[in-house]
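Chain residues, written in single-letter form:
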Amino acid sequence: MNTDPPFVDVRNLHVNFTGGRKPVPAINGVDLQVRRGEVVALIGESGSGKSVTLRSLLRLHQKRHTQMHGQIIVGGVDVLGLTDAALADYRGKVASMIFQEPLLALDPVYSVGAQIVESIMRHGRVSKNDAHQRALSLFERVQIPSPKRRLQTYPHEMSGGMRQRAMIALALACNPQLLLADEPTTALDATVQIQILLLLRELQRDLGLSVIFVTHDIGAAVEVADRIAVMYAGRIVEEGPAANLIRTPRHPYTLALLRSRAHGALTKGSRLVTIPGAPPDLSSLPNGCAFAERCNFAQDECRQNQPAAIALSTNHLVSCLQTDATSNVVALA
Amino acid sequence: MNLLRVQSDASKVMALPYDRTPGYWQTVGQRLLRDKVAIVAALVILLLLLLALFGGMLTPSDPYKTSMLSRLKPIGTANFPLGTDELGRDMLSRLMVGARLSLFMGITPVILAFIIGSAVGITAGYAGGYVNSLIMRTIDVFYAFPSVLLAIALSGALGAGITNSLISLTVVFIPPIARVAESVTTQIRGRDFVDAARASGAGAFTIVRVHVLGNVLGPIFVYATSLIAVAMILASGLSFLGLGVKPPEPEWGLMLNTLRTAIYSQPWIAALPGVMIFITSIAFNLLSDGLRSAMEIKG
Amino acid sequence: MASDQPLLEVRCLVKHFPLKKDLIGRGGGVVRAVDGISFEVREGETLGVVGESGCGKSTTARLLMHLINPDQGEMVFDGAVVGSSDMPIKRFRRQAQMVFQDSYASLNPRLTIEDSIAFAPQVHGLPHKESIARARDLLARVGLEPRRFAERYPHELSGGQRQRVNIARALALQPRMIILDEAVSALDKSVEAQVLNLLLDLKDEFNLTYIFISHDLNVVRFMSDRVMVMYLGEVVEIGDSESLFQAPLHPYTRALLSSIPSMDPDQRTEFPPLQGDPPNPINPPAGCRFHTRCADAESVCSQRLPKLVSQSHNHSAACLMLEADSGHRKARHLLSQ
């Protein structure tokens, strides 16, 4: 049993956004641990808080309208306590991020090679030549064809898949140990998506990276993740090894999510199983379980108390009071 | 294929109140009312407009009465609170009555140019293609001239006088307004809801009337209001050069011209009409800025 | 017999977009977005259309709606050529409507919901009062309570609600066919499930025919009776949904279907079925457009254009491996048949 401390240790994270008329508690007490070399997928829908969690690890939120408290420790570094200068060092070197739309994340007026070189030189005393060599080898690593030529191209001149590879190269330029991926394959075609997912898996294996992968697509999560965590209304409601979560989910939301997927085995003319209602308004969350009003298994106690996380097995945690009822439900038809 | 996940709008889904929420323009009005700078600017403009309308009746002295004995009296003289000009006329009275002509010369060309320029620009923007090129390249020819030169040239060609300066100023402002109108219309034209309207079989006029106008007139109007200050200054410039208002009519630009010689003896008095132009320009600019901010409502 | 006649027949539709040259003659070229596609849609069915970037499915949707004009080819709706005196475009517009992907951009931000829905009937002559009444009735049918939603503005609604409004708007003219261009792609999965169910209910209730364009293969399989696969402006395979998904004939279809992530953590995908990105339709490869990425490509594939050939009842594919006299080695066994 691995007794090393986790590489990423998030405890009781709360994030409030105060920019609008009412404060919005986007994250309400998230605990997340990621070991070295482990891939964790965060699944959820709009408003679940998965992207906010990810961005908190790099402190990408606007300082003015964001309140964060709790604990975020990455590689022994207390992220919430970093000064601005230390934060700039931390980003890229310890943890870095790839985004959903590379065109928005890459600078359009510099070639991709120049951006990688700049990042390398920012984080260490490396000569320009060496930085350029490293950029070239990164491009080869992410399997961009004709890498030497491509270093000179601009982001808009590249196709979608290639841009995403370039962004991965940029993220890995300074040898981070944690890679944060915010829906990196959502905007890609199916045949390109599977290439990028496999590339990420291969890179992760070769480099021993820890990866936190945010997505709304359960299929993509299953392809890359060792563990999956499901988020709802700013909390993690269930987390566990990918196989357990997919085959024997125990939280009603996870169950409902899996059952509402359209897939090949459904009979023609049947209807999808839907989750009644709509996601909650984060600025006015109920006292009890946030999912209770949409839940088939909800009882009175659910509406009154926040369910604490129960360990169903060593690695499988569920925040639900009705796990007995869900133990016999079939997830996938 | 680019699919950006829709940002979290979960907060909108909760029980909406039964009663009607305000429409777009009401929301703009509410936001404008909260903008203190814009309110002050609006009040200043209101005062100036009142001055323009009623100034003539409220002047302490006759703005046209000359007096060779009372020439260039300084500010604070008894009977002449702001002094007198080079012909002995009361500055305060002339400034008050001057508001009428100056504002008229500033606002009217912009209103006319707004109507004509919008029509031209929206047509070009909606039609696209060959028609658009034809219209916009013609507009560009006029746009190439610096506005001051163009105004002077047109005024010179038409002759001096208020009507002619109004015409030349209107012509000067049509191209920039048309450009903005074309640009905004082209953006709206590309939106899916216009395609949806086309797909429902509506004709071009109907689509422009129902779908385009409501979305473009606002931004064009804001741009046009920012031109009022420029129009006033240009009109003053034309009067300064003798191409606009003719003496003895009080108009701030003309007054700047005739008081030129007094810069060395009574600089404060010579500057007064300029101060009025300055105040008016700033007020209009601030109001149009406020309007622009109020209109940027993110849905 | 009227019931055998397809509701929509598309014949050799072509749409090219010329690119501008710069001052010294560089650039230029033509984007061959749709390069001669023919297919039919039967009344009451859902035809799914799949393909990746550059395949031309969005251009096809706009061509079908006559939002852009084809360079060549024609469309026959219910036996009448669209644009002819038998079926002038305005009349066609009452028969076919479209739901777009971006639910927010599809609605005029300055109009109330009911005004947006009532616009089309008014254009076609229905008086204002009746149009508003029909709009409110449709809002109820798509699951939005008229009292709460009719007088709201688009920015006050969520993505799923807006898309329901767009569906109501598409129904306002009582069309026979609706084109859904990635209509559920931008929605959360749980909302998507609700909207898909709604579409199925409406189809039954109003006897509609759907053309369902999507990149999500699972959803397409669920919704469609027949599926059409497009690649670089051409139809490469078309047929009954189940037989296409279980036994795809075209190498591209096979690659596309095996790109769907497996839902089994113990059986993960090991190798990507295709390398590289979908190519640009500016200078498509000669011959079969897929040959540059096809594992079975031979020299004949760059010389001959495959035709869409029926392989079994209700399943056709355009591949030289399936044409008996094409010269492809894998097709030789067909010669003896």
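What counts, and where the lines are drawn
- Residues numbered from 1 in each chain as written.
- Chains lettered and ligands numbered in written order.
- Predicted model: local features only at pLDDT ≥ 70, side-chain atom pairs only at ≥ 80, totals over all residues.
- Helix = DSSP H or I, 4+ residues; strand = E, 2+ residues; numbered from the N terminus.
- Buried ≥ 20, exposed ≤ 12 C-beta atoms within 10 Å, placed from the backbone.
- Rg over C-alpha atoms; globule rule 2.2 N^0.38 Å.
- Pairing = 2+ DSSP bridges.
- Expected span 1.5 Å × (residues − 1).
- Contact = placed C-beta atoms within 7 Å.
- Axes fitted to C-alpha atoms, helices over the stretch in contact; angles between N-to-C directions.
- Nonpolar A, V, L, I, M, F, W, Y, C, P; charged D, E, K, R; others polar.
- pLDDT = per-residue confidence, 0-100.
- Domains from an automatic or database assignment.
- Parallel < 35°, antiparallel > 145°, perpendicular 65-115°, else oblique.
- Left-handed = near helix turned anticlockwise from the far one by under 90°.
- Core = buried A, V, L, I, M, F, W, Y, C linked by C-beta atoms within 7 Å.

(A) How the structure looks around the overall build of chain B. Scanning chain B from N- to C-terminus turns up 10 helices and zero strands. In sequence order, chain B lays out its α and β elements as α-α-α-α-α-α-α-α-α-α. When the backbone C-alpha atoms are referred to their principal axes, chain B occupies close to 80 × 50 × 30 Å. Burial analysis of chain B (299 residues in total) assigns 44% to the buried set.

(B) Quick look at the overall build of chain C. The number of helices and strands found in chain C is 11 helices and 12 strands. The C-alpha radius of gyration computed for chain C amounts to 22 Å, which stays within 12% of the reference 20 Å derived for 337 residues, consistent with globular compactness. In terms of overall dimensions, chain C has a C-alpha envelope of 65 × 55 × 55 Å along the principal axes. Within chain C, the proportion of its 337 residues that are buried is 51%.

(C) Broad picture of the pairing of strand β7 (residues 178-182) of chain A. All names here are of chain A. For β7, a buried count of five out of five residues is recorded, marking the element as mostly surrounded by other parts of the structure. Alignment of strand β6 (residues 95-98) against β7, held across four bridges, turns out to be parallel. Looking at the pairing, S96 lines up with L179 of β7. When β7 meets strand β8 (residues 210-215), the two strands line up parallel, connected through five bridges. Counted as the bridge partner of D182 is V214 from β8.

(D) Up close: helix α6 (residues 162-189) of chain B. Taking 1.5 Å as the rise per residue, α6(B) with 28 residues should run 40 Å; its terminal C-alpha atoms sit 39 Å apart, in good agreement. Of all 28 residues in α6(B), 20 are buried, a share of seventy percent or more.

(E) Here's a closer look at the sheet that holds strand β2 (residues 30-41) of chain C. Residues and elements named next belong to chain C. Pairing in this open sheet of four strands is antiparallel, and the strands run β2-β1-β4-β5 from one edge to the other. Since the sheet does not close on itself, it has two edges, and those belong to β2 and β5 (80-81), each with one partner. One ladder, built from eight bridges, connects strand β1 (residues 8-18) with β2; its direction is antiparallel. Bridging across to β2, K15 finds its partner in V34. Strand contacts of helix α1 (residues 57-64): β1, β2 and β4 (72-77), with the helix running at about 65 degrees to β2, the strand carrying the most contacts.

(F) A look at the interface of chain C and chain A. Each side of the interface is counted separately: chain C has 34 residues, and chain A has 34 residues. Considering each element in turn, the side of chain C that touches chain A owes the most residues, seven residues, to helix α7 (residues 189-206) of chain C. Of the residues assigned to the side of chain C that touches chain A, the class counts are 17 nonpolar, 10 polar and seven charged.

(G) Molecular detail of the sheet that holds β7(A). All names here are of chain A. An order of β6-β7-β8-β3-β9-β10-β12-β11 is seen for the eight strands of this open sheet, with the pairing classed as mixed. Whereas interior strands pair on both sides, the edge strands pair on one side only; in this sheet they are β6 and β11 (310-311). Both strand β9 (residues 227-232) and strand β10 (residues 235-241) contribute to a ladder of six bridges, which runs antiparallel. Residue pairing for β10: R227 is matched across the bridge by P241.

(H) How the structure looks around the environment of Q152(A). With respect to the element layout, Q152(A) can be found in the loop between α6 (147-150) and α7 (160-172). Considering only alpha carbons, one finds Q152(A) and R303(A), 151 residues apart in sequence, at a separation of 58 Å.

(I) Representation of the confidence of the model for chain B in the model. Per-residue confidence for chain B gives a mean pLDDT of 83, with 92% of residues at or over 70. Counted against residues more than four places away or in other chains, residues 1-19 of chain B, with its pLDDT under 50, gives 44 contacts.

(J) Fine view of the domain arrangement of chain C. Residues and elements named next belong to chain C. According to the domain assignment, chain C consists of domain 1 (2-262) and domain 2 (285-337). Each of domain 1 and domain 2 was reduced to a C-alpha centroid, and the two centroids are 30 Å apart. Of the residues lining the interface, 15 residues belong to domain 1; the matching set on domain 2 comes to 14 residues. Looking at the side of domain 1 that touches domain 2, its residues break down into nine nonpolar, three polar and three charged.

(K) Structural view of helix α4 (residues 129-143) of chain B. Compared with an ideal rise of 1.5 Å per residue, which puts 15 residues at 21 Å, α4(B) spans 20 Å between its outermost C-alpha atoms and is within 8% of the ideal. Among the 15 residues that make up α4(B), one are buried, leaving the element largely open to the surroundings.

(L) Inspection of the environment of G218(B) at higher detail. Residue position: G218(B) is located in helix α8 (residues 204-240). A count of 19 C-beta atoms within 10 Å places G218(B) in the partly exposed class.

(M) Quick peek at the confidence of the model for chain C. Of the residues in chain C, 98% reach a pLDDT of 70 or more, and the chain-wide mean stands at 90. For this predicted complex, the interface confidence reaches an ipTM of 0.89, while the overall pTM sits at 0.86.

(N) Quick look at the packing of helix α6 (residues 159-171) of chain C against α7(C). All names here are of chain C. Orientation of α6 relative to α7, taken along the N-to-C sense of each, is 15 degrees, at an axis distance of 10 Å. Our classification of the angle between α6 and α7 gives roughly parallel. As α6 packs across α7, the resulting crossing turns out to be right-handed. Here α6 contributes G159, G160, Q163, R164, I167 and L171 to the contact with α7, which in turn contributes V191, Q194, V195, L198 and F206. Residue composition of the contact of α6 with α7, by class: six nonpolar, four polar and one charged.

(O) Structural view of the environment of H61(A). Residues and elements named next belong to chain A. Mapped onto the elements, H61 comes out in the loop between α1 (50-57) and β4 (66-74). Accessibility expressed as a C-beta count within 10 Å gives 16 for H61, which makes it partly exposed. Placed 117 residues apart in sequence, H61 and L178 show a C-alpha to C-alpha distance of 19 Å. If we skip the residues at most four places from it in the chain, H61 touches R55, S56 and T66.

(P) View of the nonpolar core. If you look at the biggest cluster of nonpolar residues, it comprises 276 residues, and the most contacted ones within it are A169(A), L180(A), F213(A), A221(A), A225(A), I177(B) and A231(B). The element that contributes the greatest number of residues to this core is α8(B), accounting for 18 residues. In terms of domain composition, this core takes at least three residues from each of domain 1 (2-262) and domain 2 (285-337) of chain C. Ignoring sequence-local partners within four residues, the contact set of I177(B) consists of A113(B), F114(B), G117(B), S118(B), G121(B), I220(B), Y223(B) and A224(B).

(Q) Local environment of the pairing of strand β10 (residues 234-240) of chain C. Residue and element names in this part refer to chain C. Most of β10 is tucked away, with six of its seven residues classed as buried. In the sheet, strand β9 (residues 226-231) pairs with β10 via six bridges, with the strands oriented antiparallel. Residue V227 lies in a different strand from β10, and its bridge partner there is G239. Between β9 and β10, which follow one another and run antiparallel, lie two residues, and L232 among them has a positive phi close to 50 degrees. Taken together, the three bridges between β10 and strand β12 (residues 315-317) define a ladder with antiparallel strand orientation. By the bridge assignment, E237 is partnered in β12 with A317.

(R) A look at unusual backbone geometry. Residue L72(B) is not a glycine yet carries a positive backbone phi of 50 degrees. Of note in this structure, N314(C) is not a glycine but carries a positive phi near 70 degrees. On the secondary structure map, N314(C) appears in the loop between β11 (309-312) and β12. A tally of 14 C-beta atoms within 10 Å means that N314(C) is categorised as partly exposed.

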